[in-house]
Amino acid sequence: METKNKFINKNTLAIFVCWLVYTCSYIGKLGYNANITQIESEFGITHAESGSETLSLVWTVRCNVEDNAWLASEQYQLTVTTLPVAYSNAIFTNFSLPDPDVIRGDDGYFYLYATEHKRNDPDMKNSPIMRSPDLISWTRVGSLFTDSTHPQITDQDAGIWAPSVNKVGNKYVIYYSQPGKNYKHAIGVAVSDSPTGPFTDLGKLIDSNEQGVEISIDAYLYQEDGRNYLFWGSFRSISVLELTEDGTAIKNKATQKRREVAGGQYEASVVLKRDNWYYLIVSTGDYSKGGTYRIVVGRSQSVFGPYVDKNGNDMMSVHHELVLKGTSTFSSPGHCSRIITDDAGQDWILYHAYPNDKDYRCLMLDRINWVDGWPVSPGQQPTSQSVDRPVFNK
């Protein structure tokens, strides 16, 4: 086989193969043996509208059918359009934004909250608040706390970890975590009338000693039918408790016992309901740069579990399905936000990862598609460049 021009893209090749198969099968139906001896292709490119090219294609097929030579040719016009890049990951690299969560405010803007990665860095101290019109372009607009209001709910001087945000009634409620000595971490709660604050700290909500589970961090509030369920936990177990109507205290604290819904290799819970299934999205693995950190999921028909994988294996025994894992370009992706559905019905998540040229966790954005009832990112890995972007009609 000879080819006069080596440029054959997958679209033109698919057209050619279909045509060739049809031709050969037709000859076969006539009762002959077709022996293809030569394929020639000629290409000509002319510019069409902006961002597009028109590709002229002429194929000639020569073959021997018993004692006769057979020649056929076909011509096509194909327009190839190059789509513009909508965004590139990481979407924010000016400073670290680990453990992001996001909410859409009443003003239509998105507000993101992240871990206080460095307490002495002016961009990150007191836990930054970021704002965006589209989930792609982010600007710092404040912080959860100030130097004078910065809470301390454990037995050591600690920063704010993994703040998660909800609108409960007419209040914006933040659940934040702080490390303590000997893994006796805690979760606090703060409220505000505005997504930009000021936030008033209401103190400790979840105490490791009281609940009998270490590393009580990474809170996430799931709301349904006026009830509030707080999920939390990190590499010990994922637990859930029901909170009061305003989301600031444990309901029936003296008698309610936490329920465990996932085993000891998970953290950073996100819970949502879709088509009568509850989905528990978590992160697992080594979260350092170059590590195995990744986003996984299980589902249940009850908010209290059991959450299982596709084969019915329980997440209490550390079984799950993959949503997204790292690549050589972006390692240890995880600790994602809640899922945001755009105005076109497409789902998106924000999460952090290590770009290979950075030594800190940067903000990432990717689509979430639903395949056979399970959430997955495209290719189950971070996107470097996307021609798709969230659609929001203001």
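No experiment lies behind these values; they were computed from the predicted model shown. (Residues numbered from 1 in each chain as written. Predicted model: local features only at pLDDT ≥ 70, side-chain atom pairs only at ≥ 80, totals over all residues. Heavy atoms only, no water.)

## Comments concerning the overall build of the protein chain
And then number 1: In terms of helices and strands, the protein chain carries 2 helices and 26 strands.
And then number 2: For the protein chain, the share of sequence-separated contacts (at least 6 apart) that also reach a separation of at least 24 residues comes to 53%.
And then number 3: Of the roughly 18,700 Å² of accessible surface on the protein chain, 45% is carried by carbon and sulfur atoms. (Helix = DSSP H or I, 4+ residues; strand = E, 2+ residues; numbered from the N terminus. Contact = heavy atoms within 4.5 Å. Areas by Shrake-Rupley, 256 points an atom, 1.4 Å probe, with all protein chains shown as cover.)

## Description of the sheet that holds strand E12 (residues 200-207)
And then number 1: Read from one edge to the other, the open sheet built from 4 strands follows the order E9-E10-E11-E12, with strand pairing classed as antiparallel. With one partner strand each, in any of the chains shown, strand E9 (161-168) and E12 form the two edges of the open sheet. For this sheet, the mean angle separating the axes of adjacent strands, direction not counted, is 25°.
And then number 2: Strand direction decides the pairing type here: strand E10 (residues 171-178) and strand E11 (residues 186-192), joined by 7 bridges, are antiparallel. Residue pairing in the sheet places Val173 in a bridge with Val191 of E11. (Pairing = 2+ DSSP bridges. Axes fitted to C-alpha atoms, helices over the stretch in contact; angles between N-to-C directions.)

## Digging into the side chain of Asp218
And then number 1: Relative to the helices and strands, Asp218 is located in the loop between helix H2 (208-211) and strand E13 (220-224).
And then number 2: Although buried, Asp218 forms no salt bridge, and the nearest oppositely charged side chain, Arg361, lies 8.8 Å from it.
And then number 3: Within the local environment of Asp218, its side chain forms a polar contact with the backbone nitrogen of Ala268, the two atoms lying 3.3 Å apart.
And then number 4: Among residues more than four places away in sequence, those in contact with Asp218 are Ala162, Ser177, Phe231, Trp232, Gly233, Ser234, Glu267, Ala268, Ser269 and His335. (Buried < 20%, exposed > 50% of the residue type's maximum accessible area, 1.4 Å probe, protein only. Lys, Arg positive; Asp, Glu negative; His and termini not counted. Salt bridge = Lys/Arg side-chain N within 4 Å of Asp/Glu carboxyl O. Polar contact = N/O pair within 3.5 Å; in protein donor to acceptor, adjacent residues only side chain to side chain.)

## Concerning the side chain of Ser127
And then number 1: As for its placement among the helices and strands, Ser127 is situated in the loop between strand E6 (110-113) and strand E7 (128-132).
And then number 2: Discounting residues that sit within four places of it in the chain, Ser127 has contacts with Ala114, Glu116, Gly142, Ser143, Leu144, Ile160 and Pro163.

## Some remarks on the sheet that holds strand E18 (residues 277-284)
And then number 1: With antiparallel pairing, 4 strands are arranged side by side in an open sheet as E17-E18-E19-E20. The strands lining the two open edges of the sheet, one partner per strand, are strand E17 (267-274) and strand E20 (321-324). Neighbour-to-neighbour, the strand axes of the sheet open up by a mean angle of 30°, direction not taken into account.
And then number 2: Relative to strand E19 (residues 294-300), E18 is paired through 7 bridges, and the arrangement is antiparallel.

## What about the packing of aromatic side chains?
And then number 1: Within the structure shown, the criterion is met by 11 aromatic pairs.
And then number 2: Geometrically, the ring pair formed by Tyr279 and Trp374 is edge-to-face, given 6.2 Å between the ring centres and 85° between the ring planes. Of this pair, Tyr279 sits in strand E18 while Trp374 sits in strand E25 (residues 374-376), and the two are 95 residues apart along the sequence. Both residues of the pair, Tyr279 and Trp374, belong to the buried class.
And then number 3: Following the ring pairs from residue to residue traces out a cluster consisting of Phe235, Tyr287 and Tyr293.
And then number 4: The lysine or arginine in question, Arg131, covers the ring of Tyr109, its NZ or CZ lying 5.0 Å from the ring centre.
And then number 5: The positively charged end of Arg299 is found above the aromatic ring belonging to Trp277, 3.9 Å away from the centroid. (Phe/Tyr/Trp six-rings, centres within 6.5 Å; stacked < 30°, edge-to-face > 60°. Lys NZ or Arg CZ within 6 Å of the ring centre and 35° of its normal.)

## Quick look at the environment of Lys181
And then number 1: Mapped onto the fold, Lys181 is located in the loop between E10 and E11.
And then number 2: Expressed as a C-alpha distance, the spacing of Lys181 and Asp155, which sit 26 residues apart in the sequence, is 6.5 Å.
And then number 3: Every residue in contact with Lys181, bar those within four places of it in the chain, is listed here: Asp155 and Gln156.

## A look at the pattern of salt bridges
Side chains carrying opposite charge are able to pair once their charged atoms draw close together.
And then number 1: This model, assessed by the stated rule, comprises 19 salt bridges.
And then number 2: Here Arg389 and Asp134 are joined by a salt bridge, their closest N and O atoms 3.1 Å apart. Here Arg389 is found in the segment after strand E26 (385-386), whereas its partner Asp134 is found in the loop between E7 and strand E8 (139-143), with 255 residues between them in sequence.
And then number 3: For Asp134, a relative accessible area of 15% translates into the label buried.
And then number 4: Between Lys251 and Glu242 there is a salt bridge, with the nearest N and O atoms lying 3.5 Å from each other.
And then number 5: Taken together, the salt bridges that share partners define one network made up of Glu116, Arg119 and Asp157.

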